[in-house]
Amino acid sequence: MRALHCGQRGHNGTRAVRGRVPPASCGLHAEPSSAEPCRGRALPPCLREESLLRCRPPVPPPASRARPGTAAFSRAESSRAEPCTGFALELKILSPLTSCLLSPGVCGCCGALRPRYKRLVDNIFPEDPEDGLVKTNMEKLTFYALSAPEKLDRIGAYLSERLIRDVSRHRYGYVCIAMEALDQLLMACHCQSINLFVESFLKMVAKLLESEKPNLQILGTNSFVKFANIEEDTPSYHRSYDFFVSRFSEMCHSSHDDLEIRTKIRMSGIKGLQGVVRKTVNDELQANIWDPQHMDKIVPSLLFNLQHVEEAESRSPSPLQATEKEKESPTELAERCLRELLGRAAYGNIKNAITPVLIHLDNHSLWEPKIFATRCFRIIMYSIQPQHSHLVIQQLLGHLDANSKSAATVRAGIVEVLSEAAVIAASGSVGPTVLEVFNTLLRQLRLSIDYALTGSYNCITGVSTKIIKEHEERMFQEAVIKTIGSFASTLPTYQQSEVMAFIMNKVPLPSSQQSIEAGKAGENRNRLTQIMLLKSLLQVSVGFQCSNMLTALPSAFLDRLLSAALMEDAEIRLFVLEILISFIDRHDNRQKFSTISTISDISVLKLKVEKCSRQDTVFMKKHSQQLFRHIYLICKEESNIQAHYEALYSMLVLISIELANEEVVVDLIRLVLAVQEIAQINEDNLTAYNRCALFALGAAYLNLISQLITVPTFCQHIHEVIQMRQKEAPYLLPEDVFVERPRLSKSLDRLGPEVFFWQSKISEVLGGSGYNADRLSTPYVPQLTDEDRLSKRKSIGETISLQVEVESRNSPEREQRAPAEEITYETLKKAIDSVAVEEQERERRRQVVEKFQKAPFEEIAAHCGARATLLQSKLNQIFEITIRPPPSPSGTITAAYGQPQNHSIPVYEMKFPDLCVY
């Protein structure tokens, strides 16, 4: 064998030059790691000095030449069959050039001297790269790798060496073949030594990702994704994916000029990030992908592709093509990857995953449109585990606090996203600090009110570089109120009650111990705070469902709520009425009474009526007079509008349906008749509209209650009065009053008795049907309390005149009612004196209670002992006076000085007449 190359082919399939190599000057600086055969290149001088370079088989010396048929002859023949081996042995013996000949460069020339794994690797490459991987040789290489797994790392290193050389020489066909071979080896080999092979693989992938060629980047990404789907038997403690996270994130932000190439690069980057997550997220021994340094790259890259939706093509594809196109878009792929990432997040990793989202939305000003922000957090809330939902809520609340001085549109966007997130977390997983959530929202609400009033984000100095727009702050306040309602709707009933009590305690009221700011600015701030908090309370109460009114309206909460009903602001009173209606309406009957009318047949309303429960009866016995008194006082307000009267009508009707028994119905009728009396007497100088509205309100309610209790005579009386009003005074009916242009009359003081509902007649007809006639005939008299004095709504003279006038209506027949002009100075003086006596008695009782609470025990004991002694002495005196000796049968004995003296004779010595003895 005379050739330098023993039949091995190179990359291009050409055979090496046979015979003697022509001399040339190049030598030792040739590529030592080159694995391809010599293609006519000059050899080192050391290879040109000896004739041994002819590669002849060694000839044994004559003395030892063997004869045919002997064992030595067989060995000689076998040595001729393997010329390269003999050549290597001769080099070892004869020349000091052995080290040079056995170098890698020389092994590339002498294929038979190369390691087997290199020959197997070289054989998988075809002559023409377009022919693709040689499958039969690839199967041999795979079998060799499975049979000798200790060679797997060397195979990987050699493949990596070839791939790096081919990349630098722009032989991209061979690059694709090398990566295909690597992928097949990865999929086939699962042994303990695969970690060393993986290092070579990742080195090759990194080389491809560093290339500027998009096709090579995509090729490397696809190989990495295949690797990420392989479950390794043994973990790697030293492997790092920092480069891949950075490079894939950079690819996600590709800005290539060609739209199609840009889309492919971005999708490859998203797939690469997805592969990194899959490879590391479930293995605690791998690199922690949840570290902020990684999350700050991964999450913004996914959000960037979610944000940039590519424009649709000009031509409209078929539905099937459109679906496939949508599935392959970077937006859909990024959303799927983000969902997978968040779905794998544990409790301690939620914060690191959510923080980059908030920062991305801040940096790109994506809170103001709030469409994209809402979409992002919908993906987040539906992807994370349900028990972790409250962590997202807390992150949003903290971000809202951090942006408390940002623009109102930004804060409104955060709050609306918070509202959407709370609705999705329907399981009630708001976390252990429920009240802290509402405290944060209420604090933001109050800050917004201060910003709107002062016009500055720095409420102390009043100096601000930003212009505050009042309508934007109002929009933010409405968003906060909506969010409070959304939060409360996800809570159980008992927590909703706590939240409502918490909000009510925040409302500044004159009767409460909270500080009420003085001055015009303070009044405006108090009023706006009251309105906003009551709006928030209304949002919570709308979604509140409770069958037990004692639980729904505890005494402390009801007292504060009704205190707000006595305020002068009409809007506040309307909110209080709406809140009470939302509590009472448990069967959704409110919408059926949205308008006031005298309907002739209430069956068309299809009311849901249930029997009053025991708990509701107890509630009404405890609080009915308090409710009725506030309804009565609200009716006397001159600032009432149609909305107030509609709310009053709904409240009266709902009490009759939901909470009424016979006693409550009687009190409601008395209350409505007293309201009619307010309009009839007009001591409060109400306008014509207010008086007509009160008349119409009474007619509408009595018409409905008469049909509910189904007493024929009662219905007949109500119907007669309504018909008379239709003929004589239609402006006293709701159909003419509660319209856009009400028909009013100024001659309300000259109305005839036939257009009024008389208490005597009603008590007569209802008393005959089993109702309490005595209670019906007694006019309703509201009991004024200290709350009315604290409200400072009426002077003491007006309060007393009201009480005296109400008492003057206690006559059986109200037709014979004494006019208000007969009130004299003496009656007023008596009324004032009686009030003073009551005040003195109340003060004396307070002092007694305080004495027994604070005085020392000895003083109390001495006081009680003295009273006991005094009481005993009085009793002895009484006994001495009342207990006298019985008369003596012997008569009266005359004592000295002519005075009769009675002797006390024992009973057993007495002598009784015979008729008295049996």
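Residues numbered from 1 in each chain as written. Predicted model: local features only at pLDDT ≥ 70, side-chain atom pairs only at ≥ 80, totals over all residues. Heavy atoms only, no water.

The protein goes by Protein EFR3 homolog B in an unreviewed UniProt entry, where it is assigned to Phasianus colchicus. Taken from UniProt, the Sequence similarities (unreviewed entry) comment for the protein reads in full: "Belongs to the EFR3 family." Its UniProt record, at the heading Subunit (unreviewed entry), says of the protein: "Component of a phosphatidylinositol 4-kinase (PI4K) complex, composed of PI4KA, EFR3 (EFR3A or EFR3B), TTC7 (TTC7A or TTC7B) and HYCC (HYCC1 or HYCC2)." (UniProt positions renumbered as here; feature names shortened; annotations may be inferred.)

S.K.: Whenever I open this one, helix H30 (residues 688–709) confuses me. Can you help?
M.R.: Side chains of residues three or four places apart in an α-helix project in the same direction, reflecting 3.6 residues per turn. With 22 residues, H30 should reach 32 Å at 1.5 Å per residue; the first-to-last C-alpha distance of 32 Å fits that figure. In terms of burial, H30 is largely enclosed, as 20 of its 22 residues are buried. Once H30 finishes, Thr710 follows within two positions and takes phi at roughly 50°, a positive value. (Helix = DSSP H or I, 4+ residues; strand = E, 2+ residues; numbered from the N terminus. Expected span 1.5 Å × (residues − 1). Buried < 20%, exposed > 50% of the residue type's maximum accessible area, 1.4 Å probe, protein only.)

S.K.: When you look at the nonpolar core in this model, what are you seeing that I'm missing?
M.R.: Side chains of nonpolar character tend, in soluble globular proteins, to be buried together. Membership of the largest hydrophobic core comes to 229 residues, with the highest contact counts inside it found for Phe244, Trp367, Phe377, Leu702, Phe714 and Leu766. Sorting elements by how many residues they give to this core places H30 first, with 14 residues. Not counting chain neighbours up to four residues away, the residues in contact with Phe377 comprise Ile354, Val357, Leu358, Leu361, Trp367, Val392, Leu396 and Val417. (Core = buried A, V, L, I, M, F, W, Y, C linked by side-chain atoms within 4.5 Å. Contact = heavy atoms within 4.5 Å.)

S.K.: What am I meant to see in the packing of helix H7 (residues 152–168) against helix H8 (residues 172–188) here?
M.R.: When two helices pack together, their arrangement is given by the angle between the helix axes and the distance between those axes. Running from N to C, H7 and H8 point in directions that differ by 160°, and their axes come no closer than 8 Å. With respect to each other, H7 and H8 are oriented roughly antiparallel. H7 and H8 meet at a crossing whose hand is left-handed. Residue-level contacts link Ile155, Leu159, Leu163, Asp166 and Val167 of H7 to Tyr172, Tyr174, Val175, Ala178, Met179, Leu182 and Leu185 of H8. Of the residues in the contact of H7 with H8, the class split is 11 nonpolar, no polar and 1 charged. (Axes fitted to C-alpha atoms, helices over the stretch in contact; angles between N-to-C directions. Parallel < 35°, antiparallel > 145°, perpendicular 65-115°, else oblique. Left-handed = near helix turned anticlockwise from the far one by under 90°. Nonpolar A, V, L, I, M, F, W, Y, C, P; charged D, E, K, R; others polar.)

S.K.: Can you help me understand the side chain of His587 in this one?
M.R.: Counting through the fold element by element, His587 comes out in the loop between helix H26 (570–584) and helix H27 (614–635). The class of His587 is buried, set by a relative accessible area of 18%. Among the polar contacts listed, one links the side chain of His587 to the side chain of Glu658, at a separation of 2.9 Å. Contacts of His587, omitting those with residues within four sequence positions, involve Lys608, Glu610 and Glu658. (Polar contact = N/O pair within 3.5 Å; in protein donor to acceptor, adjacent residues only side chain to side chain.)

S.K.: Sorry, what's going on with the pattern of salt bridges here?
M.R.: Any two side chains of opposite charge can pair if their charged atoms end up close together. For the structure shown, the criterion picks out 28 salt bridges. The shortest N-O distance in the salt bridge between Arg411 and Glu473 comes to 2.7 Å. Of this pair, Arg411 sits in helix H19 (residues 408–424) while Glu473 is found in helix H21 (residues 470–489), placing the two residues 62 residues apart along the sequence. Overall, the relative accessible area of 0% leaves Arg411 in the buried class. By relative accessible area, Glu473 is classed as buried at 1%. In this structure, the salt-bridge partner of Glu470 is Arg474, at a minimum N-O distance of 3.4 Å. One end of the pair is Glu470 and the other is Arg474, both in helix H21 and 4 residues apart, which spans about a single turn. (Salt bridge = Lys/Arg side-chain N within 4 Å of Asp/Glu carboxyl O.)

S.K.: For this particular structure, what's the right way to read helix H15 (residues 330–343)?
M.R.: Compared with the 20 Å implied by 1.5 Å per residue over 14 residues, the 20 Å span of H15 between its first and last C-alpha is a close match. For H15, the buried fraction is high: 10 of the 14 residues fall into the buried class. Among the residues making up H15, those that are buried are Pro330, Thr331, Leu333, Ala334, Glu335, Cys337, Leu338, Glu340, Leu341 and Leu342. Lining the buried residues of H15 we find helix H12 (259–280), helix H13 (292–307), helix H16 (350–363) and helix H17 (371–383).

S.K.: How do you make sense of the environment of Ile424 when you look at a structure like this?
M.R.: Looking at where Ile424 falls in the secondary structure, it is placed in helix H19. It is 6.7 Å that separates the C-alpha atoms of Ile424 and Met381, two residues lying 43 residues apart in sequence. Sequence-distant contacts of Ile424, defined by excluding residues within four places in its chain, comprise Arg378, Met381 and Tyr382.

S.K.: Would you mind showing me how to read the side chain of Ser211 here?
M.R.: Structurally, the position occupied by Ser211 is in the loop between helix H9 (194–210) and helix H10 (214–228). A residue is classified by how much of its surface remains accessible, and Ser211, at 13% relative accessible area, is buried.

S.K.: It is not clear to me how unusual backbone geometry should be interpreted in this structure. Could you clarify?
M.R.: Excluding glycine, residues mostly carry a negative phi; peptide bonds, for their part, are mostly trans. The backbone of Asp588 shows a phi angle near 55°, a positive value even though the residue is not glycine. Counting through the fold element by element, Asp588 comes out in the loop between H26 and H27. Positive phi, normally seen in glycine, also occurs at Thr710, with a value near 50°. For Thr710, the position within the fold is in the loop between H30 and helix H31 (712–728). Of the residues examined, Thr710 reaches a relative accessible area of 57% and is grouped as exposed.

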